[in-house]
Amino acid sequence: MIRLEHVTKTYPKASRPSLDDVSTSIEKGDFVFFIGPSGSGKSTIIKLLLHEIQPTKGKVVVNEKDVTALRSWRISGFRRQIGCVFQDFRLLPNRTAYENVAFALEVIGKSQGVARRVVPEVLELVGLGGKEHRYPHELSGGEQQRVAVARAFVNRPLILLADEPTGNLDPDTSIEIMRLLDRINRTGTTVVMVTHDSNIVNQMRRRVIEIESGKIVRDQPRGVYG
Amino acid sequence: MRFKYVLSEVMVGLWRNVTMTVAMIITMAVSLTMLGASLVLYKQIEAMKGYYFERVEVSIFLKNDATDQQQQALAEQLRNDPMVKQPVTFETKTEAYNKFKVQFKDAPDLVKATKPDSLPASFRVKLKDPKQFDQIAATYRGRDGVDDVLDQQRLLAKVFGVLGAAQNMALAVAIIQGIAALLLVGNTIQVAAYSRRREVAVMKLVGASNWFIQSPFVLEAMFAGIIGAVVASLGLMAAKVWLIDGTLKPLTSLLTPVGWGRILWMAPILVGIGAVVSGVTGWITLRFYIKK
């Protein structure tokens, strides 16, 4: 599903590469943690997979397609196959939970009819049934992240990327979000999560790839934070 | 649905930033009015040149003591001259005096002081190519019985010079105001993109197409351009009613009239220019502002 082939990413003006000749592959339906200290380059992987940045060297292959060779007008179509959640939720503050999720459908051309059918379903799935018409500021952090997960998942993407999704949440809420991601993973969606939350990694016992100074130093199935 | 969404975004965007929208429309309107005026003047000058070049004459004035023989010889030569449009008319002293009386009927003293005999007789010659005046002048000036050769075109050239200067000035104002208008468009689009940065970020994240993300902004710019052009067109029509057909009537009747058709034709041209130029400016601004 995802393949990195000798990927090196050096940001302009940086003295050393953020990712240094990294190769790995992730199968369809996998659940993978990328862990490592701040600045180790793990968030760079998310940006590469989203085609927000281009690798300096090497190839990024997603769903058998070479992302690095993607034409600019194909990027939007490519991103529809990928859902993404972030530490800061990135919800629209002037829209309700329902509207935030529906927005993601509407801007890629889905009709309101589709939204009316699909959005309540996915909000129910993430455990927000009954809170559809609350605004983000009327929801707790965990609930806001659920809205974000609903938005990322509403298009049934092949891959769900999560960039420190529990970074702003307390431990109990974090566990709940992890259960939700686990449930999404069980539907066949590949989940790639960047984190430095050791608790969660140790509890989940999923594949762990540890990055340090831009290099993979450990790749372990059913691993722990170490 | 998408159309409705885009349209409502445009309206919200324009209203949120209403002072900028108004500034954009005003500068756009002034610039386009000047551009329109300049184009009308340009067309006018072309039409007038055509009109007058058809009619301008070269006058070959005869000396007071020119003999009939000299006059006959000149008439003969003019009739066979390939540069000259036939027929050549001859204006006698009496005819010249009668014309003079009509032309200066408002100055009876001047007419009284002029003797019927004091105005020269002349040949009135039209040229096939008005630019050949110098050759005509060279041929006939200094011939027996010829006093002087005068070209009305020389006079007209001065009038056209004044009109041309007015046209250039209008064009200069149009360009300067146009630059100001486009800078305002660029600025407004940046502000709009900034105030909608969250939406833009989410749209990019979930894979909305570029045209979908950019079209509300581009349409916003185009809207201002179109309204500005409509105001400019109304301005030109007002100028036609109150200036051309009003205050400046005595002057404009001397020149060729400016028709309604020419003024009305400017409206679609200005709307087109306003929409395209501001739309393209908005789009280029976005390309710099919203990166992939």
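Residues numbered from 1 in each chain as written. Chains lettered and ligands numbered in written order. Predicted model: local features only at pLDDT ≥ 70, side-chain atom pairs only at ≥ 80, totals over all residues. Heavy atoms only, no water.

Considerations on the confidence of the model for chain B
Residues and elements named next belong to chain B. In this model, chain B carries a mean pLDDT of 83, and residues with pLDDT of at least 70 account for 97%. Per-element averaging of pLDDT across chain B places helix α10 (residues 249–254) at the bottom with 65 and helix α8 (residues 197–206) at the top with 91. Here the predicted complex scores 0.75 on pTM and 0.90 on ipTM. (pLDDT = per-residue confidence, 0-100. Helix = DSSP H or I, 4+ residues; strand = E, 2+ residues; numbered from the N terminus.)

What to know about the environment of A:Tyr135
All names here are of chain A. For Tyr 135, the location among the structural elements is in the loop between α4 (112–125) and α5 (141–153). Measuring from C-alpha to C-alpha, the distance between Tyr 135 and Asn 100 comes to 9.1 Å, with 35 residues separating the pair along the chain. When near neighbours in sequence (up to four residues on either side) are disregarded, Tyr 135 contacts Pro 93, Asn 94, Arg 95 and Thr 96. (Contact = heavy atoms within 4.5 Å.)

Some words on the interface of chain A and chain B
Facing 22 residues of chain A, the contacting portion of chain B comprises 16 residues. For the pair chain A and chain B, the two sides together bury roughly 1,700 Å², of which 64% comes from carbon and sulfur. Together, A:Arg79, A:Phe103 and A:Val107 form the three largest contributors to the area buried by chain A at its contact with chain B, with a combined 29%. Scanning the region where chain A abuts chain B turns up 0 salt bridges. Taken together, the connections running from chain A to chain B amount to 2 residue pairs in polar contact (both at pLDDT 80 or more). Counting only elements with at least two residues in the side of chain A that touches chain B, the list comes to α2 (75–79), β6 (82–86) and α3 (97–106) of chain A. Tallied by class, residues from the side of chain A that touches chain B come to 11 nonpolar, 5 polar and 6 charged. (Buried area = accessible area lost by both parts, 1.4 Å probe. Salt bridge = Lys/Arg side-chain N within 4 Å of Asp/Glu carboxyl O. Polar contact = N/O pair within 3.5 Å; in protein donor to acceptor, adjacent residues only side chain to side chain. Nonpolar A, V, L, I, M, F, W, Y, C, P; charged D, E, K, R; others polar.)

Examining the sheet that holds strand β2 (residues 19–26) of chain A
Residue and element names in this part refer to chain A. Strand order in the open sheet formed by 4 strands is β2-β1-β4-β5, and the pairing between neighbours is antiparallel. Edge positions in the sheet fall to β2 and β5 (65–66), since each has one partner strand and no second. By the bridge criterion, 5 bridges tie strand β1 (residues 2–9) to strand β4 (residues 57–62) in an arrangement that is antiparallel. Its bridge partner lying in β4, Ile 2 is registered against Val 62. (Pairing = 2+ DSSP bridges.)

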